[in-house]
Amino acid sequence: MRFLYSLGLALYALLLRLVAPFNPKAAAWVAGRQGLLPRIAEALGAETAPRLWVHCASLGEFEQGRPLIEGLRRQYPGHKIVLTFFSPSGYEVRKSWAGADYVFYLPLDTAEHARQFVAAVRPALAVFVKYEFWYYYLRELRAQGIPAVVVAAIFRPSQVFFRPWGGFFREILSQLSYIFTQNEASAELLRGIGLTRVGVAGDTRFDTVAATAAAPPRSLPLVEAFVADGAPVLVAGSTWPEDLPALAPLMRKHARTMRFIVAPHEVSEAHLLEVEAAMPGLTVRYSRATPATVAEARLLLIDNVGLLSQLYRFGRFAYVGGAFGAGLHNTLEAAAFGMPVFFGPRYERFQEAVALVDLGCAFPAHSAHELELAFDRLYYNEDARLKVQDVSLDYVHQHAGATGRILKELRVMS
């Protein structure tokens, strides 16, 4: 199985190199790993302070781990923080983030890469956020006596760890010093396969979104000019082309009385053109906007990355993309501002979305017609919308605190 694991990663890397000339994300993944280990060794060679290593697969995991990284900075002020990403969508956005002292791509998981990386970084502690259980890295960390933990982890019975043939993957988990899960169901699954260094801490994303909602707002003059007339705003975040057939009719129906902010998950020219075609003559791109043009537009199209968490504060309603395709994106960012959240039908794998639906704060839809019905029930009933706001805010605040629980345990471990 170890051979198949290594072969699979090698084939994955080969595939990315083959498609790199035609795919910008693949090109960034390949280019970022050229000469990577020597660069890491050179950057850290003269560093004498102890180090903490935090790994995030991509941007979503970074936002999940961000409050913990900030907490580690406060708890261990004498340590340097080394932050790594597997995906370009995380690294390219956060490579200059001031909260980390060093930011790198993570070299592909091989025995030699793991040996060189751990030797260069020499972390006192390694933290993996939510996913990405890399066999050779965890094996090397354990061999060197370096504690390695996973935070905000969530497990399901269908995963390979719990299958009769999943022995190799259970071995990967056994290398960890501790696993902090989001819920008791995940912890019970792990205990059922013999893992005892497990505890329920909760989801650190609640801390992230609660802090974002409570923080002084970032100045965004163009967005402020767009919403200055006080019309109700729907913020559509992390949208994909698959979301538009349901979302576009709703926007056209309410175009005279509402404003819309649409932030695509991937800022491709093709998707931007699709959004513009859905609201012809009523859309302005953020990069081309002026205070005068946004005032005339009904849809502000965000054609950059990194603004979404700040945009939800301008909304009265939220639509979160992805659930008409591969899977729903982050609903908590919107819930932290008390907005009713609408999305497509594929949300069952996301426990916070399920909870919000059960509480009557989120509304899945299978079609444009279902979305319109769900939306209009709240759009034309302000008392019902305000009730959703109260329940949603309570839900977010009641589930905050995972970061503090993890930091307390890490202090004991260290």
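Note that this is a predicted model, so its numbers are computed, not measured. (Residues numbered from 1 in each chain as written. Predicted model: local features only at pLDDT ≥ 70, side-chain atom pairs only at ≥ 80, totals over all residues. Heavy atoms only, no water.)

J.: Please explain the sheet that holds strand S10 (residues 283–285) as it appears in this structure.
T.: Strand-to-strand pairing in sheets goes through backbone hydrogen bonds, with the strands running parallel or antiparallel. Strand order in this open sheet of seven strands is S10-S11-S9-S8-S12-S13-S14, and the pairing throughout is parallel. Taken across any chain shown, the strands that pair with only one partner, and hence form the sheet edges, are S10 and strand S14 (362–364). Between one strand axis and the next, the sheet turns by 20° as a mean value, whatever way the strands run. With respect to the sheet, helix H13 (residues 269–278) is in contact with strand S8 (233–239), strand S9 (259–264), S10 and strand S11 (299–301), its orientation differing from that of S10 by roughly 155°. (Pairing = 2+ DSSP bridges. Helix = DSSP H or I, 4+ residues; strand = E, 2+ residues; numbered from the N terminus. Axes fitted to C-alpha atoms, helices over the stretch in contact; angles between N-to-C directions. Contact = heavy atoms within 4.5 Å.)

J.: Hey, could you run me through the environment of arginine 94 in this one?
T.: Here arginine 94 lies in helix H5 (residues 88–94). For the pair arginine 94 and leucine 176, spaced 82 residues apart in the sequence, the C-alpha separation amounts to 26 Å. Non-local contacts of arginine 94, meaning those with residues more than four positions away in its chain, are made with Leu59, Phe62, Glu63, Arg66, Phe85 and Val103. Only 3.0 Å separates the side chain of arginine 94 from the side chain of glutamate 63, close enough to count as a polar contact. (Polar contact = N/O pair within 3.5 Å; in protein donor to acceptor, adjacent residues only side chain to side chain.)

J.: For this particular structure, what's the right way to read the sheet that holds strand S7 (residues 198–200)?
T.: In spatial order, the strands read S3-S2-S1-S4-S5-S6-S7; together these seven strands make up an open sheet with parallel pairing. Edge positions in the sheet fall to strand S3 (102–105) and S7, since each has one partner strand and no second. Adjacent strand axes in the sheet meet at a mean angle of 20°, parallel and antiparallel pairs treated alike. Here strand S1 (residues 51–56) runs beside strand S2 (residues 80–85); their pairing, made up of six bridges, is parallel. Bridging across to S2, leucine 52 finds its partner in isoleucine 81. In this fold helix H6 (residues 111–121) packs onto S1, S2 and strand S4 (123–129), with an angle of close to 135° to the strand it touches most, S1.

J.: For this particular structure, what's the right way to read the UniProt feature "domain: 3-deoxy-D-manno-octulosonic-acid transferase N-terminal" (unreviewed entry) in the chain?
T.: Look at the UniProt record and you will see "domain: 3-deoxy-D-manno-octulosonic-acid transferase N-terminal" (unreviewed entry) annotated at residues 46–207. The span residues 46–207 is 40% helix and 22% strand, and its two end C-alpha atoms sit 35 Å from each other. (UniProt positions renumbered as here; feature names shortened; annotations may be inferred.)

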